[in-house]
Amino acid sequence: QPWTLCIVGNDDGPSGNEWWFDNNQSPETELFTSAGVYEFNAGATLNSGVATSSSPRVFIITASGGTGTIYVSAKTAKATGSIGAQGWAGTTLGAYYAGAFNLNGKIAEVVAYDSALGSSDRSSLLDYFGNRYGITIGA
């Protein structure tokens, strides 16, 4: 840490077990669906409270100093909390690293940074992705 990951794409919106990314570490760093919502885990799980949907989404995930944040097609964080000091390595996109779960959808673009982006940079990225892919970005 710190790092930021941006992912643009869609899933098929089922109630759970679709993996957007995962790594082969313990604890794992991952973005997935569970019980009908998007969740981010890097040692502790952050529930975004955003219902799964087949609509395209822009995810921005940050980790810095043991704190994680998830943004879902919005400039306001959906969840922030303690996640531990998990780093970033060995990433698998569109699946759980061990192959048990996959993404039933498409990933259009992935951008990674070795820093936790500030609000101005996040806002610019969300505007860019929203305009490029026709995704409505909330406040």
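Per chain, the residues get numbers from 1 upward, laid out in the order the sequence is written. Given that the model is predicted, a residue must reach a pLDDT of at least 70 before its local features are reported, and side-chain atom pairs must reach 80 or more before they are shown or counted; all residues, however, enter totals for whole chains, interfaces and linings. Values reported for side chains reflect all heavy atoms of the structure, with hydrogen atoms and water molecules removed beforehand.

Peer 1: Mind laying out the sheet that holds strand 6 (residues 57–64), listing which residues take part and the relevant values?
Peer 2: The rule for pairing is simple: two strands pair if DSSP sees at least two bridges between them. The way it works is that DSSP assigns letters per residue, a run of H or I at least four long becomes a helix, a run of E at least two long becomes a strand, and they are numbered from the N terminus. An order of 8-7-6-1-10 is seen for the 5 strands of this open sheet, with the pairing classed as antiparallel. Strands with a single pairing partner mark the edges of an open sheet, and in this sheet they are strand 8 (79–82) and strand 10 (106–113). On average, each strand axis in the sheet is inclined to that of its neighbour by 15°, with strand direction left out of account. Note that strand 1 (residues 3–10) and strand 6 share 7 bridges and pair antiparallel. What sits directly across from Thr 4, in strand 6, is Thr 62. The contact criterion used is simple: two residues touch if any of their non-hydrogen atoms lie within 4.5 Å. Between N-to-C directions, angles cover 0 to 180 degrees, with each direction set by a line fitted to C-alpha atoms, over the stretch in contact for helices. The sheet contacts of helix 1 (residues 119–133) involve strand 1, strand 6, strand 7 (67–72) and strand 10, and relative to strand 10 the element is tilted by about 160°.

Peer 1: Summarise the pattern of salt bridges; cite the residues concerned and give the values.
Peer 2: Salt bridges are defined by distance alone: a side-chain nitrogen of Lys or Arg within 4 Å of a carboxyl oxygen of Asp or Glu. The full count for this structure, using the stated rule, is 2 salt bridges. In this structure, Asp 127 engages Lys 75 in a salt bridge whose closest nitrogen and oxygen atoms are separated by 2.7 Å. With Asp 127 in helix 1 and Lys 75 in the loop between strand 7 and strand 8, the pair connects residues that are 52 residues apart, well separated along the chain. Buried means the residue's accessible area, taken with a 1.4 Å probe over protein chains only, is under 20% of the maximum for its type, while exposed means over 50%, and partly exposed covers the values in between. For Lys 75, a relative accessible area of 35% corresponds to the partly exposed category. A salt bridge links Glu 109 to Arg 132; the shortest N-O distance between them is 3.1 Å. With Glu 109 in strand 10 and Arg 132 in helix 1, the pair connects residues that are 23 residues apart, well separated along the chain.

Peer 1: Describe the packing of aromatic side chains, with residues and values.
Peer 2: Centres within 6.5 Å are what make two rings of Phe, Tyr or Trp a pair, Trp counting through its six-membered ring; a difference in plane orientation under 30 degrees is then read as stacked, over 60 as edge-to-face, and the rest as tilted. The full count for this structure, using the stated rule, is 9 aromatic pairs. With a centroid separation of 6.0 Å and an interplanar angle of 90°, the aromatic rings of Trp 3 and Phe 40 are classed as edge-to-face. Here Trp 3 is found in strand 1, whereas its partner Phe 40 is found in strand 4 (residues 37–42), with 37 residues between them in sequence. Taking the relative accessible area as the measure of exposure, Phe 40 reaches 0% and is therefore buried. Put simply, the rings of Trp 19, Phe 32, Tyr 96, Tyr 97 and Phe 101 pair up and form one aromatic cluster.

Peer 1: Could you give me a rundown of helix 1, with the residues and numbers involved?
Peer 2: Helix span is expected to be 1.5 Å times the residue number reduced by one. Here helix 1 contains 15 residues, and its C-alpha end-to-end distance of 21 Å stays within 8% of the 21 Å for a straight helix at 1.5 Å per residue. Within the sequence span of helix 1, burial applies to Arg 122, Leu 125, Leu 126, Phe 129 and Gly 130. Seen from one end, helix 1 has its buried residues packed into an arc of 130°, which puts them on one side. For helix 1, the exposed residues set more than 90 degrees away from the buried face come down to Ser 120, Asn 131 and Arg 132. The positive-phi residue at the C-terminal boundary of helix 1 is Gly 134, with phi of around 65°. Directions drawn from the helix axis to the C-beta atoms are what define this arc.

Peer 1: With reference to specific residues and values, describe the pairing of strand 3 (residues 29–34).
Peer 2: A regular strand places its side chains so that they alternate between the two faces of the sheet. In terms of burial, strand 3 is largely enclosed, as 5 of its 6 residues are buried. With 4 bridges joining them, strand 2 (residues 18–23) and strand 3 adopt antiparallel strand pairing. Residue Trp 19 lies in a different strand from strand 3, and its bridge partner there is Phe 32. What sits between strand 2 and strand 3 in their antiparallel hairpin is a turn of 5 residues. The sheet contact formed by strand 3 and strand 4 spans 6 bridges and is antiparallel. Within strand 4, the residue paired with Leu 31 across the bridge is Phe 40. Joining the antiparallel neighbours strand 3 and strand 4 is a turn of 2 residues, in which Ala 35 adopts a positive phi near 50°.

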